[in-house]
Amino acid sequence: MSNAYLDALKQRRTQYALGRNVSHSRQALTGLIQEAIKHSPSSFNSQSSRAVILFGEQSEKLWQIAVDEVRKVAPAEGFEKTEAKLRSFAAGVGTVLFFEDQDVVKKLQDQFTLYADNFPVWSEQSGGMAQLSVWSALANAGVGASLQHYNPLIDEAVARQWNLPPSWKLRAQMPFGSNEGGFPEKTFMDDAERFRVFG
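The text that follows walks through the structure, step by step, so that each part is easy to find. Keep in mind it's a predicted model, so treat the numbers as computed, not measured.

Criteria and cut-off values
- Residues numbered from 1 in each chain as written.
- Predicted model: local features only at pLDDT ≥ 70, side-chain atom pairs only at ≥ 80, totals over all residues.
- Heavy atoms only, no water.
- Helix = DSSP H or I, 4+ residues; strand = E, 2+ residues; numbered from the N terminus.
- Buried < 20%, exposed > 50% of the residue type's maximum accessible area, 1.4 Å probe, protein only.
- Contact = heavy atoms within 4.5 Å.
- Phe/Tyr/Trp six-rings, centres within 6.5 Å; stacked < 30°, edge-to-face > 60°.
- Lys NZ or Arg CZ within 6 Å of the ring centre and 35° of its normal.

### Some words on the side chain of Gln 131
Then step 1. Examined against the element boundaries, Gln 131 turns out to sit in helix α6 (residues 119–140).
Then step 2. Judged by its relative accessible area of 10%, Gln 131 is buried.
Then step 3. Excluding anything up to four places from it in sequence, Gln 131 contacts Phe 98, Leu 147, Arg 171, Ala 172 and Met 174.

What follows is the structure, encoded as structure tokens:
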């Protein structure tokens with residue numbers, strides 16, 4: 001069965017070799033990212049996902065923050081490799097910061113007490129779907145990306161730098177740019193180990 005969505009989903013791959021050879025304008029990329037998040041599902045249509053989109057020098061600031069914060073906790077020996085990896089994320093066009101608004105989660109917990117324990121989990125699921133939506137949308141626009149998790153190390157510095165609401169909880173960072181490297185063949189575990197079908 002052919003399926004356009006699956007064809008699009010298969011384009012999403014992890015790209016670490018990022019560059020700035022992207023033909024799309026910042027306005028077009030911003031619109032793409034916003035639309036992808038807006039149309040991602042969320043529990044009770046809570047729309048708890050938030051995003052900060054950084055371009056150019058602002059994106060570079062983020063990865064300098066990451067270098068500074070990771071340096072505080074990482075062993076000094078061999079840190080050069082870690083720093084080089086972090087700086088490679090700044091080589092692209094920009095970075096999307098993904099957040100989940102905890103005020104939304106708390107409001108739902110207060111409003112629907114029977115499901116209170118589930119709302120933080122559902123929020124994380126919503127965030128994951130928003131991340132996948134953006135990643136896939138970028139990939140289908142010919143833009144490479146990867147998903148990083150330097151939270152919570154960088155949380156406080158990020159919130160200060162961009163004056164973000166305290167209820168916004170950082171969940172992931174997605175550096176993006178032109179594809180400057182190829183993709184290895186993707187391997188999959190055996191379907192029999194992963195799926196069971198009845199009826």
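Text resumes after the structure shown.
### Looking at the packing of aromatic side chains
Then step 1. This model, assessed by the stated rule, comprises eleven aromatic pairs.
Then step 2. Taken together, the aromatic side chains of Phe 44, Phe 112, Tyr 115, Phe 119 and Trp 122 make up a single cluster linked through ring pairs.
Then step 3. Its end group placed over the ring of Trp 135, Arg 12 keeps NZ or CZ at 4.3 Å from the ring centre.

### Side note on unusual backbone geometry
With glycine set apart, most residues show a phi of negative sign, and most peptide bonds adopt trans.
Then step 1. Omega for the peptide link from Asn 151 to Pro 152 comes to 5°, which places this bond in the cis form.
Then step 2. Along the chain, Pro 152 turns up in the loop between β4 (144–145) and α7 (155–161).
Then step 3. In this model, Asn 163 sits at a positive phi of 50°, which is unusual for a non-glycine residue.
Then step 4. Turning to its location among the elements, Asn 163 is positioned in the loop between α7 and β5 (168–179).
Then step 5. A relative accessible area of 69% means that Asn 163 is categorised as exposed.

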